Amino acid sequence: MVKQAKAETKVGVGIETLWKALVEDLRFIIPNFMPNTVEKIELLHGNGGLGSIFLFHLAHGVQKERIVEVDETKHEFGVEVMEGNILKAGFSSFTTTFKLSSMGEKGTLVDIKVVYGTERDDGDEDEEGHMVEMAISPALSFFQLLEKFLLHSSS
């Protein structure tokens, strides 16, 4: 069954700086601000844009992701997990889309949408809440770390 979870977060970095980090530089900077989680990111296919496939070498395995959306005019970016631990944790599919909106020179609102499939639909509200938390919390944590990294590297 396909479901979705949504959240938003505010990042104290301008939209263009955040967009460049998220879309152009991500594979190079993630190992710098998440060294205990991501050892390196390899480009397996493409040029880093739409349709490109990346292999994340993680502390506990690997994860393969494909870029499924890049819209510079709307500041929307989406990635689909093709292989990895998240797909072994009860998800049958997992796609995350980020939409950036400017909040002035030094602020960006990030709308996060995760569309995911699950193996079962038993209607258990506790289980559903747990799946939503598992879907959204990594993206929220990611943006906190990215914000700290970008603010630190610009000072």
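An unreviewed UniProt entry annotates the protein as Phytohormone-binding protein-like of Momordica charantia. Annotation of the protein in UniProt includes, under Sequence similarities (unreviewed entry), the sentence "Belongs to the BetVI family."

Asker: What am I meant to see in the overall build of the protein here?
Answerer: Helices and strands together make up the secondary structure of the protein, namely 3 helices and 7 strands. Put simply, the protein runs from its N terminus to its C terminus through helices and strands in the order β-α-α-β-β-β-β-β-β-α. Taken over the C-alpha trace, the protein has a radius of gyration of 15 Å; the compact-globule value for 155 residues is 15 Å, and the two agree within 12%. For the protein, the spread of C-alpha atoms along the three principal axes comes to 50 × 30 × 30 Å. Buried residues in the protein amount to 41% of all 155 residues.

Asker: Is there a simple way to think about the packing of aromatic side chains in this case?
Answerer: Given two aromatic rings, one states the distance between the centres and the angle between the planes to describe the pair. Under the counting rule described, the total for this entry stands at 6 aromatic pairs. Measuring from centroid to centroid gives 5.2 Å for Phe 91 and Tyr 116, while their planes differ by 90°, and the two rings are edge-to-face. In this pair, Phe 91 is assigned in strand β6 (residues 91-102) and Tyr 116 in strand β7 (residues 108-118), connecting sequence segments 25 residues apart. Of the residues examined, Phe 91 reaches a relative accessible area of 1% and is grouped as buried. An angle of 70° between the planes, with centres 5.1 Å apart, marks the rings of Phe 98 and Phe 143 as edge-to-face. Of this pair, Phe 98 sits in strand β6 while Phe 143 sits in helix α3 (residues 125-154), and the two are 45 residues apart along the sequence. Through pairs of rings, three or more aromatic residues link up here, namely Phe 33, Phe 98, Phe 142, Phe 143 and Phe 149.

Asker: Please clarify how unusual backbone geometry should be interpreted in this entry.
Answerer: Leaving glycine aside, a negative phi is the common case for residues, and trans is the common case for peptide bonds. Its identity as a non-glycine residue notwithstanding, His 75 has a phi of 55°, on the positive side. Locating His 75 in the fold gives a position in the loop between β4 (61-71) and β5 (76-83). Its relative accessible area of 13% is what places His 75 among the buried residues.

Asker: Just checking my understanding: could you explain the confidence of the model for the protein for this structure?
Answerer: Per-residue pLDDT for the protein averages 92, and the proportion of residues at 70 or more is 95%. β5 holds the highest mean pLDDT among the elements of the protein, 97, whereas α3 holds the lowest, 88.

Asker: What am I meant to see in the nonpolar core here?
Answerer: Across soluble globular proteins, nonpolar side chains show a tendency to be buried alongside one another. Counting 39 residues, the largest nonpolar core has Leu 18, Leu 22, Ile 30, Phe 142, Phe 143 and Leu 146 as the members making the most contacts within it. Per element, the largest residue contribution to this core is 8 residues, and it comes from α3. Contact partners of Phe 142, with chain neighbours within four places excluded, come to Leu 22, Leu 26, Ile 30, Phe 33 and Met 34.

Asker: How should the sheet that holds β7 be read in this particular structure?
Answerer: What the 7 strands build is an open sheet, ordered β1-β7-β6-β5-β4-β3-β2; its pairing is antiparallel. In this open sheet, the two strands that pair with only one neighbour each are β1 (2-11) and β2 (38-45). On average, each strand axis in the sheet is inclined to that of its neighbour by 25°, with strand direction left out of account. Looking at chain direction, strand β3 (residues 53-58) and β4 are connected through 6 bridges and run antiparallel. Paired with Leu 55 across the two strands is Lys 64, which belongs to β4. On the sheet, helix α1 (residues 15-24) packs against β1, β4, β5, β6 and β7 and is oriented at approximately 155° with respect to β6. Sitting on the sheet, helix α2 (residues 26-33) is in contact with β2 and β3, with an inclination near 165° to β2.

Conventions used here
Just so you know, the residues in each chain are numbered from 1, in the order the chain's sequence is written. For a predicted model such as this one, the threshold for reporting local features is a pLDDT of at least 70, and the threshold for listing and counting side-chain atom pairs is 80 or more; totals across whole chains, interfaces and linings nevertheless cover every residue. The basis for every side-chain value is the complete set of heavy atoms in the structure, and neither hydrogens nor water enter the calculation. UniProt positions are given in the numbering used here, feature names are shortened, and annotations may be inferred rather than shown by experiment. Only DSSP runs of H or I with at least four residues qualify as helices, and only runs of E with at least two residues qualify as strands; both kinds are numbered from the N terminus onward. Throughout, the radius of gyration refers to the C-alpha atoms, and the reference size of a globule is 2.2 Å times the residue count to the power 0.38. Buried means the residue's accessible area, taken with a 1.4 Å probe over protein chains only, is under 20% of the maximum for its type, while exposed means over 50%, and partly exposed covers the values in between. In this scheme Phe, Tyr and Trp rings, the latter by its six-membered ring, pair at centre separations within 6.5 Å, and the angle between planes marks the pair as stacked below 30 degrees, edge-to-face above 60, and tilted otherwise. Per residue, pLDDT captures the predictor's confidence, and it can take any value from 0 to 100. Working definition of a nonpolar core: buried Ala, Val, Leu, Ile, Met, Phe, Trp, Tyr and Cys residues. They are joined through side-chain atoms within 4.5 Å. Whether two residues touch is decided by their heavy atoms; if any such pair falls within 4.5 Å, the residues are in contact. Pairing between two strands is assigned when DSSP locates at least 2 bridges connecting them. Axis geometry follows a simple rule: fit a line to the C-alpha atoms, using only the stretch in contact for helices, then measure angles between N-to-C directions, giving values from 0 to 180 degrees.

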